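# Chains, contacts and geometry: an overview
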Amino acid sequence: MSFISLTFAVFFFVFVCLYHLAGRFAKNGALAQKILFLAASLVFYAAADLRFVPFLAYAILLSYFAAIILDSETQKNRKALFALFMAADFVPLLFCKYNPSHFIFPLGISFFTFQSAGYIADCQTKKIRAERNFLNVALFISFFPTISNGPIQRAQKLIPQFSEVHHFEYESAADGVKLFAWGMFKKLCVADRIAAYVNYVYGGAESQYGSALVLATVLYFFQIYCDFSGYSDMAIGAAKYCGFDVGRNFNYPYIAQSVGDFWRRWHISLSSWFRDYVYIPLGGSRVALPRIYLNLLITFLASGIWHGAGWTFVIWGLLHGIFICVGRATKSFWEKSRLPPLVRVLITFSLVALSLVFFRAKDLGQAFLVMRKTVEFPKAAAALFASGVGIKDFAKEIFALNNGAYGYFSGMAATMILLCAMCACEITVRKSGGVEWMKKRPAALRWLLYFVLCAVIFYCSKTDMSGNFIYNNF
């Protein structure tokens, strides 16, 4: 069940009505709301495919019983049992994701597996006590706003919120709707429009000029950001409407001034998961410098493998590990260089975009083809220009704007206007956040902006609507 569908709109409306009525009139409001939320989560998940439900049930049962066993202070074989439980937790993910036949890939299995593994690990290290209430564990693993694409939740933050009775609060509900609408704008009006161009260019990479491939790669950076952060905004907004705080997942990563800074801003719940459960257990920064570099490379290699089994993802992960290591080794140089922040941002942006060639390419052959064509572009462009083609046709050819389905220059112009508007809005509100920024504006301006946002979303939903999110594949 996609967030961007009439089915979800009806589902969510019915759910929140029952949910808030239960909180108001049920004798035990918290228990009634938990049961309703769990039932809604199972319905939401089963709507994707009934075959997925056993995988979710397995993760719930394993999390519940593994945590209780590990929490026993008399257990003598905690480390061995922990290794066994972690292996058991990851087996379904590894089987479904890396099985050559790909017969089934349950929605969100990467996300709820990591959530389950983090919970078991926290019980093993005594960061938290094992939860004895089965409903709490089941709802924690299956929490429908975040189950398919995150943000990945931590038990110590989310589970205590289940014990509260969540009454309808206008301000919280309004904030949730605003976040959800902004996420829809980023997904429908920016990401999906960019996707049309990126898919066209990468789909015929062999016949494209290097300039088109560079432009498509740069735009892909924004596509994947708007697609994934758009989902996160919708998930956070839906949870907020129900009274839950599930944290944030993005912090304007395209203005990062180093690759390390980028990973503190991008997919925060995943990067912090790898930090806490891979990098720190390996020794983190508490070991000798060569070992620190090795720990970083292993962590980012694991991140690459999490995204996919192909060599493209392995190289993508290793590239980021190398960038981080080089950045750490040259930290004093960059501090002394006093480069303007904008230059740092451009360098970081370029490095991340370079890595995305491997992330987007269908295989290594296409990734290297993109790089070769980029290097060869000046020669190819000079030959085209020498053939006597007009300036307009020259621009169409080198930037692949000869795709009638995309709308030539008008399609690209509309896409760039929407992209620039999105970036300008987010940069403007980056210090306080969009919701808080809007609250401080005059009422007339707020409602004008709401109207414009809704109108643009409505228009794009008629022409570019897509319920598919990039990270559904991971």
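Our structure's up above, just so we're on the same page.
Residues numbered from 1 in each chain as written. Predicted model: local features only at pLDDT ≥ 70, side-chain atom pairs only at ≥ 80, totals over all residues. Heavy atoms only, no water.

## Considerations on unusual backbone geometry
Backbone torsion omega between G150 and P151 reads 5 degrees, so that peptide bond is classified as cis. Its location among the elements puts P151 in the loop between α6 (134–142) and α7 (155–158). Of note in the backbone geometry, K126 takes a positive phi value of approximately 65 degrees without being a glycine. Counting through the fold element by element, K126 comes out in the loop between α5 (109–124) and α6. You will see that H267, though not glycine, has its phi angle at about 40 degrees, which is positive. Here H267 lies in the loop between α10 (259–265) and α11 (268–279). Among the residues examined, H267 registers a relative accessible area of 1% and is labelled buried. (Helix = DSSP H or I, 4+ residues; strand = E, 2+ residues; numbered from the N terminus. Buried < 20%, exposed > 50% of the residue type's maximum accessible area, 1.4 Å probe, protein only.)

## Considering the layout of surface pockets
In this model, the second largest pocket occupies a volume close to 1100 Å³. Forming the boundary of the second largest pocket are 32 residues, of which S258, V259, G260, R264 and I324 lie nearest the centre. Sorting the residues of the lining of the second largest pocket by element identifies α10, α11, α12 (289–307), α13 (311–329), α14 (331–337) and α15 (341–360) as the ones contributing at least two each. In terms of residue count, the dominant contributor to the lining of the second largest pocket is α11 (7 residues). For the lining of the second largest pocket, a count of residues per class yields 15 nonpolar, 11 polar and 6 charged. (1 Å grid on protein atoms, 1.4 Å probe; cavity = no way out; pocket = protein on both sides within 12 Å on 5 of 7 lines; lining within 4 Å. Points joined across faces, edges and corners; volume = space filled by probe spheres on them. Nonpolar A, V, L, I, M, F, W, Y, C, P; charged D, E, K, R; others polar.)

## Some remarks on the state of the cysteines
Under the definition given, this model contains 0 disulfides. With no disulfide partner, C454 has as its closest neighbouring cysteine sulfur the one in C189, 10 Å distant. (Disulfide = S-S within 2.5 Å.)

## Topic: helix α9 (residues 210–241)
The end-to-end C-alpha distance of α9 is 46 Å, a good match for the 46 Å that 32 residues give at a rise of 1.5 Å each. Summarising burial for α9: 27 of the 32 residues are buried, a large majority. The positive-phi residue at the C-terminal boundary of α9 is G243, with phi of around 95 degrees. (Expected span 1.5 Å × (residues − 1).)

## Concerning the packing of helix α8 (residues 170–203) against α9
For the pair α8 and α9, the least separation of the axes is 7 Å and the interaxial angle reads 155 degrees. One way to sum up the angle between α8 and α9 is to call them roughly antiparallel. In this structure, α8 crosses over α9, and the sense of that crossing is left-handed. By residue class, the composition of the contact of α8 with α9 is 27 nonpolar, 8 polar and 6 charged. (Axes fitted to C-alpha atoms, helices over the stretch in contact; angles between N-to-C directions. Parallel < 35°, antiparallel > 145°, perpendicular 65-115°, else oblique. Left-handed = near helix turned anticlockwise from the far one by under 90°.)

## Details of the pattern of salt bridges
Evaluation of the coordinates by the stated rule reveals 16 salt bridges. Ionic pairing is found between D276 and R154, a salt bridge with its closest N-O pair at 3.0 Å. Of the two residues, D276 sits in helix α11 while R154 sits in the loop between α6 and α7, which places them 122 residues apart along the sequence. D276 gets classed as buried once you look at its relative accessible area, which sits at 16%. One salt bridge in this structure joins D175 and K439, with 3.1 Å as the shortest N-O distance. Note that D175 is positioned in helix α8 and K439 in helix α19 (residues 434–439), a separation of 264 residues in sequence. The exposure class assigned to D175 is buried, which follows from its relative accessible area of 6%. (Salt bridge = Lys/Arg side-chain N within 4 Å of Asp/Glu carboxyl O.)

## A short note on the side chain of R265
Here R265 shows up in helix α10. According to the relative accessible area criterion, R265 is buried, its value standing at 17%.

## Structural notes on empty space enclosed by the protein
In this structure the tally under the stated criterion is 3 cavities of 30 Å³ or more. What the largest cavity holds in volume is close to 70 Å³. F262, W266, W316, V352 and L356 are, among the 13 residues lining the largest cavity, the residues nearest its centre. Residue assignment for the lining of the largest cavity shows that the elements contributing at least two residues are α9, α10, α13 and α15. The element best represented in the lining of the largest cavity is α15, accounting for 4 residues. Broken down by class, the residue content of the lining of the largest cavity amounts to 10 nonpolar, 3 polar and no charged.

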